[in-house]
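So you can see what is in the structure, the chains are spelled out below.
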Amino acid sequence: MDSFRAETHETKILSFEDYLQKSLQDFCSKLEQRNLEEAGSKPSYVSDLLCGNSSTAGPNTLSHTNPISCNLNSQVDPTANFEDIQAESRSECQSEKVNTNEASNSSDSLHWSAPNEPLLSVSDEDRDNGSGAGTYWGNLGSDSPVFWQEDSDVEHVNEDDRFDKDFRVASRKDKQFVCPVTLRKIMSGPLQVLLDEEGKGFGAPDVLCRQSLSLVYSTIDENYPEGTLQLLSDLLQPGHYPPRDITCHLLRGILLDPQCPHHLCVQAFNLLMRTQRHHIADKIAVAWDWELLTSVMADQRNSCEVVRMLLDYVVQTLEDDFQAKRSINALHDSIAKATLSCDEQFPRVREVIKWLFSAIMKSTEQKETREAARERDELIRMVSIFQRMLSLALEVDRSPALKSGKLSQELFHMLISGIPLRAHRTLLLESLQSKLLRCKLLEHLLDYACPLKTPLPMSLSLLLHFLKYCTLAPDPSDGTERWQRWEELVHLLWMLLLSYNKAMKGYLCNSVSEQRGSLGNLVYKPEDMISKSAIRDAVEAFLSRSQADLSQVLPLHVEESLTYLQDHLLDVCQC
């Protein structure tokens, strides 16, 4: 009797496995046939097929509430407990009042009572292999029922599929759409975006309490900078910053100490910049003043790298405070207004210009030692820092059009006061941050080099006048290659044209607060109306003057650059 029951149990398991394999094969055949019929049209989805079947399901329906997915790895275990499965199926059928005895092995037997929920999806690999056997989701062991008892996530999967499909269609249709929130953040400047992102996580920063800094003060009293730097490095975290006296000690007592080792100076500089990131210093909390800056620039006791680090920190505090005050329309209360205003502190702006030219002249000295090369790199970085300071001086008074004329006059007189070298001019012009200031300075330089003066304002007509009549003085570094001054003239004309194209958009003459949201349309003046014949005449005059000076034609690369300039002018001419 026991052996008969065992044989009966095994027969049931085998018959159920055959039934399941047969059903899966029929389902795959039906799916493949539908895919072939819909070839060339939109892709077929298993959920659509099964939804259609569920809507036509009659009384001969095998009812379950959950699907079996296709992208699966584990097969049905033939040793699964068939009696448990049969009991579960019976309870489900009773709750849904479905007669399971009428289920058959035909291709129409795989219908489901839950609409919009697919039974099975078959992978492309299985279809290609022709096996007809799908794979099941999860690791179905011998004790795991084949059919799920809880509601599945297929509805969410289908919604995600529909979302992905709709998103792709929308992205093609609305790809020109700009999010207004993102646009406002971009127009407000990169610092404001950074502040918004950091503010979400930490809120308003807090000063470190005196109790937590007790050891730091002890190391300061004992003149132990290594311990001070180590303790502060551990204490500084986003959302917290040290008090002003600690910051002043980092700046004056460690970074600017001539006896301090170089690696400690670098650590102090890094801590100062971290402190600035965690809390933007204002006029009250800033650790430096103008007297400190001028004394360091005059004494020259510190190394070039330490001076550059000091300038980096100074300009970082100026720019951060400028951006923060600009966002709330309070530039009058900024550090830049108190230190670099052309209206209130123009002598300080003149000092910055002197430091700028000093760094330019030192950086162009020809020295071939490794130490000289390292110092030259630091000086070029200092040139960039001074140019950033001039940009702040140009913008902080909210009248860049007027201040650009004032600053360009100062730069021009400094440039021609000594022996003007091409290397000095090139580094000065290429390092200028403001396109408006560069345009003004180039206008002064080319007018100075033009023997035939004209009352024309800055315009395309004036550019053609410079092209036709300007002649630069020979440079001591030219030697026998006199064509280099003609190459420089073409380069200066190119720079003038590109800078003027920016200035023509009009918004450069407005303050930075008024520039936000500006479309920047080109604003043409009557003098910008030039003809194609005037352009060709100016280019021919340039070529004839250069050939008369050199007794030969210009080098090929110079003529090529001049041809590109002519083509660009022909493209933008109005008549």
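The residue count restarts for each chain, going from 1 along the sequence in the order it is written. This being a predicted model, a pLDDT of at least 70 is required before a residue's local features are given, and a value of 80 or more before pairs of side-chain atoms are given or counted; all residues contribute to the totals for chains, interfaces and linings. Neither water nor hydrogens contribute to the side-chain values; these are computed over all heavy atoms in the structure.

Asker: I would appreciate a short explanation of the overall build of the chain in the present structure.
Answerer: Every helix listed is a DSSP run of H or I at least four residues long, and every strand listed is a run of E at least two residues long, numbered separately from the N terminus. Per the secondary structure count, the chain includes 24 helices and 2 strands. Here the chain holds 575 residues, and the buried ones make up 42% of them. Two residues form a contact once any of their heavy atoms are found within 4.5 Å. Of all intrachain contacts in the chain linking residues separated by at least 6 positions in sequence, the fraction that spans at least 24 positions is 76%. A 1.4 Å probe and the Shrake-Rupley method give the accessible areas. Residues count as covered only by the protein chains that appear here. Roughly 31100 Å² of accessible area belongs to the chain as shown, and the carbon and sulfur atoms make up 52% of that amount. Buried means the residue's accessible area, taken with a 1.4 Å probe over protein chains only, is under 20% of the maximum for its type, while exposed means over 50%, and partly exposed covers the values in between.

Asker: Is there a simple way to think about helix α11 (residues 262-278) in this case?
Answerer: Turn by turn, an α-helix covers 3.6 residues, leaving residues three or four places apart pointing in a common direction. One less than the number of residues in a helix, times 1.5 Å, gives the span that helix is expected to have. An ideal rise of 1.5 Å per residue puts 24 Å on 17 residues; α11 measures up with 25 Å between its terminal C-alpha atoms. Residues of α11 that are buried include every one of Leu-264, Cys-265, Ala-268, Phe-269, Leu-271, Leu-272, Met-273, Thr-275, Gln-276 and His-278, and no others. If you follow the buried residues of α11, they end up packed against α9 (225-235), β2 (240-241), α10 (244-255) and α13 (304-327).

Asker: Looking at this structure, I do not really get the confidence of the model for the chain. What am I missing?
Answerer: Low-confidence regions, as indicated by low pLDDT, have predicted coordinates that should not be scrutinised in detail. With 63% of its residues at a pLDDT of at least 70, the chain reaches an overall mean of 75. For every residue, the pLDDT score states the predictor's confidence, bounded by 0 at the bottom and 100 at the top. Low pLDDT (under 50) marks residues 3-14, which in the prediction has 6 contacts with non-local residues, meaning those over four places away or in another chain. Across residues 41-170 the pLDDT falls below 50, and counting only partners more than four positions away or on other chains, this stretch makes 170 contacts in the model.

Asker: How should I be thinking about the state of the cysteines in this particular structure?
Answerer: Disulfide: a covalent bond connecting the sulfur atoms of a pair of cysteines. Count a disulfide wherever a pair of cysteine sulfur atoms falls within 2.5 Å. As enumerated under the stated definition, the model contains 0 disulfides in all. Summary of cysteine pairing: Cys-450 is not part of a disulfide, and the nearest cysteine sulfur, belonging to Cys-470, is at 4.3 Å.

Asker: Whenever I open this one, the pattern of salt bridges confuses me. Can you help?
Answerer: Once their charged atoms are close, side chains differing in charge can pair, the charge on each being opposite to the other. A pairing counts as a salt bridge when a side-chain nitrogen of Lys or Arg comes within 4 Å of a carboxyl oxygen of Asp or Glu. Going through the model one piece at a time under the given rule, you end up with 17 salt bridges. The residue Arg-210 makes a salt bridge to Asp-245 at a minimum N-O spacing of 3.6 Å. Here the residue Arg-210 occupies a position in the loop between β1 (206-207) and α8 (214-221), and Asp-245 occupies one in helix α10, the gap between them amounting to 35 residues. Since its relative accessible area comes to 54%, Arg-210 is described here as exposed. Within the structure, one salt-bridge network assembled from shared partners comprises Arg-422, Arg-425, Asp-478 and Glu-488.

Asker: Hey, could you run me through the nonpolar core in this one?
Answerer: Within soluble globular proteins, side chains that are nonpolar tend to cluster in buried spots. Take the buried Ala, Val, Leu, Ile, Met, Phe, Trp, Tyr and Cys residues and link them wherever side-chain atoms come within 4.5 Å; each set so joined is a nonpolar core. Formed by 115 residues in total, the largest nonpolar core has its most connected members in Leu-251, Leu-255, Trp-288, Phe-386 and Leu-411. If we skip the residues at most four places from it in the chain, Phe-386 touches Met-297, Leu-311, Val-352, Trp-355, Leu-356 and Ala-359.

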